[in-house]
Amino acid sequence: MNHFFKDVIDVVKLIPKGKVTTYGKIASFLGSVKSSRSVGWALNNLSCNNEVPAHRVVNRKGLLTGKFHFKDEYYMQNKLIEEGVMVKNNEVLNFNDYLWDPIKDLTL
DNA sequence: CGGGTGACTCAAA
DNA sequence: TTTTGAGCCACCC
C-alpha cells in the first residue's frame, strides 16, 4: 500500500461524523492542492473499504461528484443525511457549516 | 520514456 | 453566467 494512498485513507478516517471535507483540502493537507485528482484516485481504489467514510469527501463546492462510485447513486447522499448533513440535489447545503478542514483541525 | 485517465481546481473566454 | 482549456499528481500500459 503506497504512501499517498495510506495518507488519504488516514485523513478521511479522521473526518468527524456529520462533517465533510474536500479533495482539495485533503490534497493540500498532504502536500499541494494539485494532488486533488490523486485523492479522488485513492478514494476510487477504496470503493469497498467500510472503514473509510469516503462519502464525507466532496468537491470544493460541496457537490457529491463521486456518488456514482458507490453502491448506488443515492448511497452517498443518504449516508450523509443519516449523519446529519443536509444534502439536496447532490449538493451539501450550508456547506461551510459542515466543512471540516484537516489543516486546521489536525495541524500537524 | 511517452501517452492516457480521473471522485479536482483554477482561470480565461 | 456557462463552457473550455490547461495544470498537476499518482497510476497503469
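Look above for the structure.
Structural notes, computed from the coordinates.

**Focus: the overall build of chain A**
For chain A, the count of helices and strands is six helices and four strands. Traced from its N-terminal end to its C-terminal end, chain A shows the element sequence α-β-α-α-β-α-β-β-α-α. For chain A, the C-alpha radius of gyration of 13 Å lies close to 13 Å, the compact-globule estimate for 108 residues. By principal-axis analysis of the C-alpha atoms, chain A measures approximately 35 × 30 × 20 Å. Looking at chain A residue by residue over its 108 residues, the buried ones come to 32%. Of the contacts made within chain A by residues no fewer than 6 positions apart, 59% connect residues no fewer than 24 positions apart.

**Regarding the nonpolar core**
Core analysis: the biggest nonpolar cluster contains 24 residues, and V8, V12, I26, V39 and V57 have the highest contact counts within it. Broken down by secondary-structure element, the contributors of at least two residues to this core are α1 (3-13), α2 (23-30), α3 (36-44), β2 (57-58) and α4 (75-82). In terms of residue count, the dominant contributor to this core is α2 (five residues). Setting aside residues no more than four positions away along its own chain, I26 makes contact with V8, V11, T21, V39, V57 and P102.

**So, the environment of R60**
Its location among the elements puts R60 in the loop between β2 and α4. Residue R60 is classed as partly exposed on the basis of its 14 C-beta neighbours within 10 Å. Setting aside anything within four residues of it in sequence, one finds R60 in contact with T22 and G24.

**Considering the packing of α2 against α3**
Across the interface, α2 lies against α3 with an axial gap of 8 Å and an inter-helix angle of 105°. With respect to α3, the axis of α2 lies roughly perpendicular. Contacts between α2 and α3 involve Y23, G24, I26 and A27 from the first element and S36, S38, V39 and G40 from the second. Taken together, the residues that form the contact of α2 with α3 break down as four nonpolar, four polar and no charged.

About the thresholds
- Residues numbered from 1 in each chain as written.
- Chains lettered and ligands numbered in written order.
- Predicted model: local features only at pLDDT ≥ 70, side-chain atom pairs only at ≥ 80, totals over all residues.
- Helix = DSSP H or I, 4+ residues; strand = E, 2+ residues; numbered from the N terminus.
- Rg over C-alpha atoms; globule rule 2.2 N^0.38 Å.
- Buried ≥ 20, exposed ≤ 12 C-beta atoms within 10 Å, placed from the backbone.
- Contact = placed C-beta atoms within 7 Å.
- Core = buried A, V, L, I, M, F, W, Y, C linked by C-beta atoms within 7 Å.
- Axes fitted to C-alpha atoms, helices over the stretch in contact; angles between N-to-C directions.
- Parallel < 35°, antiparallel > 145°, perpendicular 65-115°, else oblique.
- Nonpolar A, V, L, I, M, F, W, Y, C, P; charged D, E, K, R; others polar.

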